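Per-entry structural report
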Amino acid sequence: MRLERIVLREIGLQLREPFRISSGETVERRILLLELADADGAGVWSECVAGELPNYSAETLDTAWLAIREWFAPRLLGVELADPARAGELLARGIRGHRMARAALEMGLWALSAVRAGRPLAAVLGGTRAAIEVGISLGIQPSPAALTERAAAALAQGYRRIKLKIQPGSDLAYVRAVRSALGSSAPLMVDANNAYTLADTTHLQQLDELGLQMIEQPLEHEDLLRHAELQRQLRTPLCLDESITSLARAEDMIALGAGRIINIKPGRLGGFAESLRVHELCARHGVPVWCGGMLESGVGRAYNVALASLPNFTMPGDISPSARYWARDIVVPQWTMQAGTITVPGTPGLGVEVDVDYVRHLTVRSETLGTSRGQ
Ligand code: OSB
Ligand code: MG
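Residues numbered from 1 in each chain as written. Chains lettered and ligands numbered in written order. Predicted model: local features only at pLDDT ≥ 70, side-chain atom pairs only at ≥ 80, totals over all residues. Heavy atoms only, no water.

**A look at the packing of helix α2 (residues 84-92) against helix α3 (residues 99-117)**
Two elements in contact, α2 and α3, have axes whose closest approach is 9 Å; the angle formed by their N-to-C orientations is 160 degrees. It follows from the interaxial angle that α2 and α3 lie roughly antiparallel. The way α2 lies across α3 gives a crossing that is right-handed. Contacts between α2 and α3 involve Pro84, Ala85, Ala87, Gly88, Leu91 and Ala92 from the first element and Arg102, Leu105, Glu106, Leu109, Trp110 and Ser113 from the second. Across the contact of α2 with α3, the residue classes break down as eight nonpolar, two polar and two charged. (Axes fitted to C-alpha atoms, helices over the stretch in contact; angles between N-to-C directions. Helix = DSSP H or I, 4+ residues; strand = E, 2+ residues; numbered from the N terminus. Parallel < 35°, antiparallel > 145°, perpendicular 65-115°, else oblique. Left-handed = near helix turned anticlockwise from the far one by under 90°. Contact = heavy atoms within 4.5 Å. Nonpolar A, V, L, I, M, F, W, Y, C, P; charged D, E, K, R; others polar.)

In structure tokens:
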């Protein structure tokens, strides 16, 4: 395949409720969408998962826009690409970081190759599940009672796992309240987004009493060694998110005992090829993985659903239905949940259509890279 055109587009999409994590709050998402078009007339949409601010990783959608326009797109446009994994190598060569920017293109090329082959993206990736289990990630709430209400509603809606965002001052009392309201069998976990240090070890040990499936990324965003030390002091498995930015980092996590579960976000890992390698590594080592989320639109969600259909994604992901995030998603059909699961599309490509008129309406700016520029 040969890419002829890449359209960058920023849309504004209001969350149905503010989403607060330890490092900041999101109310309105600014989402970078890409349209890839090849010389044979095939096209596909993709999404860059970088946020508005560098409070999850160093990337933002603005840095991604720059990276794609200046460094990544010129490597792809007009070049005959044998397969998406090779294209990913071409993109990565000599460039440090900017993984989410790179992933938006690399993942788009996987989807484009699926479209061209007339196969579902999940099948092209090696997916084996017809449906994936759905979890929900609940942002930090103003009080334990408010969080308990949200968690109880999520359980009643059928979510298979409930993740509670925590930070110092909004942790033990909040999680205890939810646990006592929902009962000992409710599938609960927490995510701290780097809000603690090793000095909080005895405090965090109190979470061991609460029957959590895992504690996600309590310490610094690039750390492994301190997580290993903390894991030795906790019975609850640690799950790493921010710290796992490559296959090598996943290998190091396992070697150091820095965590026992990995949250795979393909954007954070630079694309599907690296995600598949981490998935394989974890399968070999008996480390379960699940697919994380970055408050994606229905486009980014399609990519996550496809990835989560692989065999070692044995735990419910942060892949909630469209209505959990948006009054109206940008895809048709919207992503829906049935008995705590989302059906993996069996149709070619992403398995959902983009509502182009609605996307145009939401568009804040756009830029076309490639042959049609100036035509
Ligand atoms: O740490 O997993 C995280 C959202 C933005 C940034 C980081 C995280 C999250 C979530 C949201 O937890 C999960 C979702 O998309 O539903
Ligand atoms: Mg996380």
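**Considering the domain arrangement of the protein**
Taken domain by domain, the protein comprises domain 1 (3-118 + 353-370) and domain 2 (123-343). One C-alpha centre belongs to domain 1, the other to domain 2, and the line joining them spans 23 Å. The partner domain 2 presents 45 residues to the 38 residues of domain 1 that form the contact. Regarding the contact of domain 1 and domain 2, the summed buried area is about 3,600 Å², with carbon and sulfur atoms giving 62% of it. Counting every contact that joins domain 1 to domain 2 gives three salt bridges. Here Glu17 makes a salt bridge to Arg324, at a shortest N to O gap of 3.6 Å. For the pair domain 1 and domain 2, the interface holds 18 residue pairs in polar contact (both at pLDDT 80 or more). Among the elements of the structure, β1 (3-21), β2 (24-38), β3 (43-48), α3, β14 (353-354) and α13 (356-362) are those that each provide at least two residues to the side of domain 1 that touches domain 2. The element that contributes the greatest number of residues to the side of domain 1 that touches domain 2 is α3, accounting for eleven residues. Here the residues of the side of domain 1 that touches domain 2 sort into 22 nonpolar, six polar and ten charged. (Domains from an automatic or database assignment. Buried area = accessible area lost by both parts, 1.4 Å probe. Salt bridge = Lys/Arg side-chain N within 4 Å of Asp/Glu carboxyl O. Polar contact = N/O pair within 3.5 Å; in protein donor to acceptor, adjacent residues only side chain to side chain.)

**A short note on unusual backbone geometry**
Omega for the bond connecting Val332 with Pro333 falls within 30 degrees of zero, at -10 degrees, which places this linkage in the cis form. Take Pro333: it is sitting in the loop between β12 (331-332) and β13 (341-343). For Asn194, which is not glycine, the phi dihedral falls at a positive 75 degrees. Along the chain, Asn194 falls in the loop between β7 (188-191) and α7 (201-205). Within the chain, Ala339 stands out as a residue other than glycine whose phi angle is a positive 50 degrees. You can see Ala339 is positioned in the loop between β12 and β13.

**Quick notes on the coordination of the magnesium ion (ligand 2)**
Summarising the metal site, the magnesium ion (ligand 2) is bound by the protein donors Asp191 (OD), Glu216 (OE) and Asp241 (OD), whose distances to it range over 2.1 to 2.3 Å. Here the donor residues of the magnesium ion (ligand 2) share one chain and are spaced in sequence as D-x24-E-x24-D. Residue Glu216 is located in strand β8 (residues 215-216), and its partner Asp241 is located in the loop between β9 (238-240) and α9 (247-256); the two are separated by 25 residues in the primary sequence. Accessibility assignment for this pair places Glu216 and Asp241 in one class, buried. (Donors = N, O, S within 2.8 Å, 3.2 Å for Na, K, Ca; no water. Buried < 20%, exposed > 50% of the residue type's maximum accessible area, 1.4 Å probe, protein only.)

**Some details on helix α11 (residues 298-308)**
In terms of residue burial, α11 counts as a mostly covered element, since eleven of its eleven residues are buried. All of the buried residues in α11 are Gly298, Val299, Gly300, Arg301, Ala302, Tyr303, Asn304, Val305, Ala306, Leu307 and Ala308.

**Topic: the site of ligand 1**
If you check the shell around ligand 1, you find 15 residues, and the closest are Ser137, Lys165, Asn193, Leu295 and Tyr325. One of the side-chain N or O atoms of Lys165 is found 2.9 Å from an oxygen atom in ligand 1. With respect to ligand 1, the side chain of Asp241 contributes an N or O atom lying 3.2 Å from an oxygen atom. The protein chains hide 96% of the 390 Å² of surface that ligand 1 would expose on its own. For the shell around ligand 1, a count of residues per class yields five nonpolar, three polar and seven charged. (Near = heavy atom within 4 Å. Areas by Shrake-Rupley, 256 points an atom, 1.4 Å probe, with all protein chains shown as cover.)

**Points about the pattern of salt bridges**
Proximity of charged atoms lets side chains of opposite charge pair with each other. Tallying each qualifying case throughout the model produces 28 salt bridges. Between Arg365 and Asp62 there is a salt bridge, with its nearest N and O atoms 2.8 Å apart. Of this pair, Arg365 sits in strand β15 (residues 363-370) while Asp62 sits in helix α1 (residues 61-76), and the two are 303 residues apart along the sequence. The partly exposed category is assigned to Arg365, whose relative accessible area is 31%. One salt-bridge network, held together by shared partners, links Arg161, Lys163, Lys165, Asp191, Glu216 and Asp318.

**Side note on the sheet that holds β9**
A sheet is described by the order of its strands in space; here seven strands give the open sequence β5-β6-β7-β8-β9-β10-β11, paired in parallel fashion. Strands at the two margins of the open sheet, each flanked by one partner only, are β5 (135-138) and β11 (289-291). Running over the sheet, helix α6 (residues 172-182) touches β6 (161-165) and β7 and is turned about 165 degrees from β7. The strands touched by helix α10 (residues 272-284) are β10 (261-264) and β11; relative to β10, the strand with the most contacts, the crossing angle is about 165 degrees. (Pairing = 2+ DSSP bridges.)

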